[in-house]
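Given next are the chains, with one letter for each unit.
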Amino acid sequence: MGFVDFSEINKQNEYLSKARAILEGKGKKAFVMTLGCQQNEADSEKISALLQKMGYTLTSKEEEADILIVNTCAIREHAEKRALSIVGRFKHYKSANPDIIIGVCGCMTAQEHRREHFKRSYHYVNFTFGTGAIHRLPEFVYNALNGGKRYFDIDPETPKIAEGLDSVRESTYRAWVSIMYGCNNFCTYCIVPYVRGRERSRKKEDILLEIKDLVKKGYKEITLLGQNVNSYGKDLENRTSISELLDDISKIEGDFWLHLMTSHPKDASDEMIEAIKASPRTSGHFHLPLQSGSDDILKRMNRHYNLEKYLGIIEKLRAENENITLTTDIIVGFPGESEDDFERTLEVIERVKYDSVFSFIYSPRKGTPAASMENQIPEEIKHERYQRFCDKQNDISKEINDSFVGKSVRVLVDGKSKSNEKMYTSRTQGNKIVHFECDKDYTGSFINVKITRADTFNLFGEII
Ligand code: 5AD
Ligand code: SF4
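Residues numbered from 1 in each chain as written. Chains lettered and ligands numbered in written order. Predicted model: local features only at pLDDT ≥ 70, side-chain atom pairs only at ≥ 80, totals over all residues. Heavy atoms only, no water.

## Describing the overall build of the protein chain
The condition is simple: Every helix listed is a DSSP run of H or I at least four residues long, and every strand listed is a run of E at least two residues long, numbered separately from the N terminus. Partly exposed describes any residue whose relative accessible area lies between the buried limit of under 20% and the exposed limit of over 50%, with all areas from a 1.4 Å probe on protein chains only and scaled to the type maximum. Contact definition: two residues touch when any of their heavy atoms are within 4.5 Å. Charged-residue counts in this description rest on Lys and Arg as positive and Asp and Glu as negative, His and the chain ends being excluded. By convention, the point assigned to a charge is CZ for Arg, NZ for Lys, CD for Glu and CG for Asp.
Secondary structure assignment for the protein chain yields 14 helices and 19 strands. Counting only C-alpha atoms, the protein chain reaches 60 × 60 × 50 Å along its principal axes. Across the 464 residues that make up the protein chain, the buried fraction comes to 56%. Considering only contacts in the protein chain between residues 6 or more positions apart, those separated by 24 or more positions represent 75%. With 67 positive and 70 negative side-chain charges, the protein chain shows a separation of 4 Å between the mean positions of the two kinds.

Structure, rendered in structure tokens:
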């Protein structure tokens with residue numbers, strides 16, 4: 001029921017063949033721009049694969065493209081403004097060549113007011129579609145190639161999952177694997193449940209097949225994606241859970257790291273913590289969004305946990321895995337946040353000592369409950385608190401990084417450093433950036449590095 005059926009897939013395959021018949025041998029190029037989270041990156045990899053199958057060659061130069069797709073993000077106002085400016089910039093390509101096709105997709109286009117805005121104010125946009133309609137790209141492109149009407153698709157509340165879509169993966173050693181889509185949590189600040197629909201899980205067999213294939217191809221780091229991976233499997237006909245999935249993945253042979261992105265503290269069960277511990281692939285890192293250190297704010301965020309419960313999970317994670325790298329998400333300046341609430345958050349980061357924190361200034365999102373709460377915090381106070389937060393976290397990160405000097409770490413190498421020709425860049429399992437000098441190119445492989453120096457955001461070392 002929750003999956004796109006064969007007749008729809010066949011229909012899209014027919015559009016794909018017809019588009020290919022038009023495009024093949026013409027040297028047409030496609031440019032895909034991705035904003036936002038890893039889920040969007042994973043979606044764009046599927047979009048790229050479909051465009052390639054239609055006969056386009058992918059390009060990283062927007063000015064030479066015959067089709068331009070912008071995959072947008074709606075999580076904060078800044079991301080939406082960026083998307084509008086990028087789509088705005090594409091106007092002159094269309095003025096110079098009216099045959100160019102421009103499509104906009106992703107979370108922003110799932111909001112009615114944004115869809116209307118693209119329709120009315122961006123006349124050169126051919127089509128928009130939401131995150132649940134990626135598999136229908138061949139239909140949208142074929143219609144545009146035939147001079148069809150402009151089209152603005154609307155996702156159903158719970159879009160179906162389209163299995164079997166290929167991906168053109170950005171990396172040959174780090175891969176995203178979506179295990180579920182959507183979110184049921186309705187945190188009061190968050191737009192995601194409105195733009196990505198209700199939770200739906202992929203079948204365990206499909207996920208395992210994808211992971212086995214990636215491991216066979218030599219992938220070294222796999223990130224399981226979902227807005228709340230802890231509730232994976234609850235909606236499936238054959239009900240399952242994240243711990244069962246992790247158990248099954250642990251039976252796959254191979255040397256690779258496994259990440260979960262992202263978890264909700266309200267659903268972080270003991271079984272899941274056990275399953276993480278059971279495998280050295282997962283036990284090195286855990287990301288657990290806190291959002292705020294104040295119980296009052298957590299309640300008004302609709303997070304369904306208090307600080308005590310959250311700290312209990314952190315304690316268990318640390319008890320099971322002594323050297324685990326912990327990271328979190330924090331929102332500064334949620335409506336009604338008092339100086340006292342904010343200081344609670346500072347106390348928690350001081351106490352937990354996260355390796356790194358993704359911190360965000362609260363951004364009101366149209367249609368979410370928090371956007372119409374009283375006591376919105378003035379911009380200057382939000383910024384002032386954000387700066388204080390960053391200063392404190394930077395001190396903590398530096399202190400933790402300093403403690404690595406003299407130790408050996410296992411890293412996955414990313415390639416030559418951009419700023420220094422002689423240096424390579426790599427990352428630890430806990431996502432710490434490690435630079436080292438080396439004559440040989442180990443890109444895409446694991447190596448061991450002895451740390452000799454540290455600053456706030458980087459470690460430096462020597463290959464062992
Ligand atoms: N304003 C600021 N940050 C937000 N996030 C989600 N919605 C908002 C918003 N309206 C942050 C949360 C979430 C992360 C992905 O983005 O911290 O965990
Ligand atoms: Fe947004 Fe909360 Fe869902 Fe995360 S769990 S996507 S913050 S609503």
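## As for the site of ligand 2
Filter applied, for reference: Residue proximity to a molecule or strand is established when one non-hydrogen atom of the residue lies within 4 Å of it. Each residue gets one label: Ala, Val, Leu, Ile, Met, Phe, Trp, Tyr, Cys and Pro are nonpolar, Asp, Glu, Lys and Arg are charged, and the others, such as Gly, are polar.
Taken together, the residues surrounding ligand 2 are Cys183, Asn185, Phe186, Cys187, Tyr189, Cys190, Val192, Pro193, Gln227, His264 and Arg303. Here the residues of the shell around ligand 2 are counted per class, giving 7 nonpolar, 3 polar and 1 charged.

## Section: the sheet that holds strand β7 (residues 174–178)
Filter applied, for reference: Note on pairing: two strands pair once DSSP finds at least 2 bridges between them. Working convention: axes come from line fits to C-alpha atoms, limited for helices to the stretch in contact. Angles between N-to-C directions cover 0 to 180 degrees.
Taking strand neighbours across the sheet as the criterion, the 3 strands line up as β7-β10-β11 in an open arrangement whose pairing is parallel. The sheet terminates laterally at β7 and β11 (257–261), the two strands that pair on one side only. Going across the sheet, the axis of each strand differs from the next one's by a mean of 20°, ignoring polarity. When β7 meets strand β10 (residues 221–225), the two strands line up parallel, connected through 5 bridges. Within β10, the position partnered with Ser178 by the bridge is Leu225. Against the sheet, helix α9 (residues 242–250) engages β10 and β11, with an angle of about 165° to β11.

## Overview of the layout of surface pockets
To keep it simple, the criterion reads: Think of a 1 Å grid over just the protein atoms. A cavity is a set of points where a 1.4 Å probe fits yet cannot get out, a pocket is an open set with protein on both sides within 12 Å along at least five of seven lines, and lining residues have an atom within 4 Å of a point. Grid points are joined across faces, edges and corners, and a volume is the space filled by probe spheres set on the points. An automatic or database domain assignment provides the domain bounds reported here.
Its boundaries defined by the atoms lining it, the second largest pocket holds a volume of some 570 Å³. Contributing to the lining of the second largest pocket are 21 residues, with Gly284, Asn323, Ile324, Thr325 and Phe404 lying nearest its centre. With 3 residues, the single largest contributor to the lining of the second largest pocket is strand β15 (residues 408–416). The class makeup of the residues in the lining of the second largest pocket is 6 nonpolar, 8 polar and 7 charged. Among the domains, domain 2 (174–402) and domain 3 (408–463) are the pair contributing at least three residues each to the lining of the second largest pocket.

## Points about the side chain of Thr428
Inspection of the secondary structure assignment puts Thr428 in strand β16 (residues 423–428). Residue classification places Thr428 among the buried positions, given a relative accessible area of 8%. Residue contacts for Thr428: discarding those within four places in its chain leaves Trp257, Val409, Arg410, Val411 and Val434.

## Things to note about the packing of helix α12 (residues 307–320) against helix α13 (residues 339–352)
The angle between the axes and the distance between the axes are what describe a pair of packed helices. The condition is simple: Reported orientations rely on four angle classes, namely roughly parallel under 35 degrees, roughly antiparallel over 145, roughly perpendicular from 65 to 115, and oblique for the rest. Throughout, a crossing is termed right-handed when the near helix is turned clockwise from the far one, and left-handed when it is turned anticlockwise from it by less than a right angle.
Relative orientation of the contacting elements α12 and α13 amounts to 15°, with a least axis distance of 12 Å. Taken together, the axes of α12 and α13 are roughly parallel relative to one another. Note on packing geometry: the crossing formed by α12 with α13 is right-handed. Between α12, through Leu307, Leu311, Ile314 and Arg318, and α13, the contact on the second element is made entirely by Val348, Arg351 and Val352. Within the contact of α12 with α13, the residues separate by chemical class into 5 nonpolar, no polar and 2 charged.

## Some words on the site of ligand 1
The test is simple: N or O atoms closer than or at 3.5 Å make up a polar contact, with two conditions inside protein: a donor-capable atom paired with an acceptor-capable one, and, for residues adjacent in sequence, both atoms drawn from side chains. Note on areas: Shrake-Rupley, 1.4 Å probe, and residue coverage restricted to the protein chains presented here.
Neighbouring ligand 1 are Ile75, Arg76, Tyr189, Gln291, Asp329, Ile331, Phe360, Ile361, Tyr362, Ser363 and Arg365. Contacts to ligand 1 include Ser363, whose backbone N or O atom sits 2.8 Å from a nitrogen atom. Relative to its unbound accessible surface of 400 Å², ligand 1 loses 86% to contact with the protein. Elements with a contribution of two residues or more to the shell around ligand 1: β13 (325–332) and β14 (356–361). Here the residues of the shell around ligand 1 are counted per class, giving 6 nonpolar, 2 polar and 3 charged.

## Structural notes on the environment of Lys422
In this structure, Lys422 sits in the loop between β15 and β16. A relative accessible area of 58% means that Lys422 is categorised as exposed. Each C-alpha atom of the pair Lys422 and Asp235 lies 51 Å from the other, and the pair is 187 residues apart in sequence. Contacts of Lys422, omitting those with residues within four sequence positions, involve Phe436, Glu437 and Cys438.

## Topic: the packing of helix α3 (residues 77–89) against helix α5 (residues 112–121)
Two elements in contact, α3 and α5, have axes whose closest approach is 12 Å; the angle formed by their N-to-C orientations is 15°. One element, α3, and the other, α5, form an angle in the roughly parallel class. Crossing of α3 over α5 shows right-handed handedness. Mapping the contact onto sequence places Glu80, Leu84 and Val87 in α3 and Arg114, His117 and Phe118 in α5.

## Thoughts on α3
Going by this rule: What a helix is expected to span follows from its residue count: subtract one and scale by 1.5 Å.
For α3, built from 13 residues, the straight-helix expectation of 18 Å at 1.5 Å per residue is met to within 8% by its first-to-last C-alpha distance of 18 Å. Buried residues in α3 make contact with β1 (29–34), β3 (67–72), α4 (91–96), β4 (101–106) and α5.

## Topic: empty space enclosed by the protein
Across all of its chains, the model carries 4 cavities of 30 Å³ or more by this definition. Taken as a whole, the largest cavity holds about 170 Å³ of empty space. Residues that form the lining of the largest cavity fall into these classes: 6 nonpolar, 3 polar and 5 charged. Residue-level mapping places the lining of the largest cavity at the junction of two domains, with at least three residues from each of domain 1 (6–152) and domain 2 (174–402).

## So, unusual backbone geometry
The amide bond that connects Met261 to the next residue, Thr262, takes the cis arrangement and shows omega of 20°. Phi is positive for His304, which is not a glycine, with a value near 60°. By the element assignment, His304 lies in the loop between α11 (295–300) and α12. Overall, His304 belongs to the exposed group, its relative accessible area being 55%. The backbone phi angle of Lys353 is positive, close to 55°, even though this residue is not glycine. Checked against the element boundaries, Lys353 lands in the loop between α13 and β14. A relative accessible area of 25% places Lys353 in the partly exposed class.

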